[in-house]
Amino acid sequence: VVLGGGEEKNSSELAYFLREDSWGNRLGTELVGAVVLFFAPILASEGYKLPVNGQDFERTIATSRIDNIASKKILDHVGMRVYGISNKFGNDRYLY
């Protein structure tokens, strides 16, 4: 799980990858939840600056391939909400 440079102003993009042998045991939800619900709010409240552009960190964004139902469930479960659809990396993706 990583927070990297986001394409939107004052945002950091969440990315995660789990080995297949760890699927289905809520590990993804726990890891993503820890970053989105606990770590990211601390960064924002302490005035963290994004290293990519020096902007204040204000929010976490993410994308999920439309056909990746498990990833969508993880992002939905931790409270992220879809606000659009875009083609990124050659696939249609939900924007969170």
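The model shown is predicted, which means the values in this text are computed figures rather than measured ones. (Residues numbered from 1 in each chain as written. Predicted model: local features only at pLDDT ≥ 70, side-chain atom pairs only at ≥ 80, totals over all residues. Heavy atoms only, no water.)

A. Region of interest: the packing of aromatic side chains. As enumerated under the stated definition, the model contains zero aromatic pairs in all. Geometry around Y83 places R59 over its ring, the cationic atom sitting 5.9 Å from the centre. Over the aromatic face of Y94 sits the side chain of K72, whose NZ or CZ is 5.3 Å from the ring centroid. (Phe/Tyr/Trp six-rings, centres within 6.5 Å; stacked < 30°, edge-to-face > 60°. Lys NZ or Arg CZ within 6 Å of the ring centre and 35° of its normal.)

B. Main features of the sheet that holds strand 1 (residues 2-5). Pairing within the open sheet is mixed, and its three strands lie in the order 1-2-3. Edge positions in the sheet fall to strand 1 and strand 3 (59-61), since each of these pairs with one other strand and no more. Going across the sheet, the axis of each strand differs from the next one's by a mean of 45°, ignoring polarity. Along the sheet, helix 1 (residues 27-45) contacts strand 1, strand 2 (11-15) and strand 3; its crossing angle with strand 1, the most-contacted strand, is approximately 55°. (Pairing = 2+ DSSP bridges. Helix = DSSP H or I, 4+ residues; strand = E, 2+ residues; numbered from the N terminus. Axes fitted to C-alpha atoms, helices over the stretch in contact; angles between N-to-C directions. Contact = heavy atoms within 4.5 Å.)

C. Structural detail: the sheet that holds strand 5 (residues 84-88). The strand order 4-6-5 describes an open sheet built from three strands, whose pairing is antiparallel. The open sheet has two free edges, formed respectively by strand 4 (63-65) and strand 5, since each of these has just one partner strand. Pairs of neighbouring strands in the sheet enclose a mean axial angle of 40°, with direction left out of account. Direction of pairing for strand 4 relative to strand 6 (residues 91-95): antiparallel, over a ladder of three bridges. Residue pairing in the sheet places S64 in a bridge with Y94 of strand 6.

D. Region of the structure containing the nonpolar core. Residues L14, V32, V35, V36, A62, I74, L75, V78, M80, Y94 and Y96 constitute the largest nonpolar core, which totals eleven residues. Per element, the largest residue contribution to this core is three residues, and it comes from helix 1. Once residues within four sequence positions are removed from consideration, V36 is found in contact with L14, P41, V78 and M80. (Core = buried A, V, L, I, M, F, W, Y, C linked by side-chain atoms within 4.5 Å. Buried < 20%, exposed > 50% of the residue type's maximum accessible area, 1.4 Å probe, protein only.)

E. Spatial organisation of the pattern of salt bridges. Inspection of every chain in the model, using the stated rule, returns seven salt bridges. Here E7 makes a salt bridge to K88, at a shortest N to O gap of 3.6 Å. You can see E7 sitting in the loop between strand 1 and strand 2 and its partner K88 sitting in strand 5, a full 81 residues away along the chain. With relative accessibility at 68%, the residue E7 sits in the exposed group. Here R59 and E8 are joined by a salt bridge, their closest N and O atoms 2.1 Å apart. One end of the pair, R59, is in strand 3; the other, E8, is in the loop between strand 1 and strand 2, with 51 residues separating them in the sequence. Classification of R59 by relative accessible area gives partly exposed; the value is 35%. On the basis of relative accessibility, which here comes to 27%, the residue E8 falls in the partly exposed class. What emerges from the salt-bridge pattern is a single network uniting E7, E13 and K88. (Salt bridge = Lys/Arg side-chain N within 4 Å of Asp/Glu carboxyl O.)

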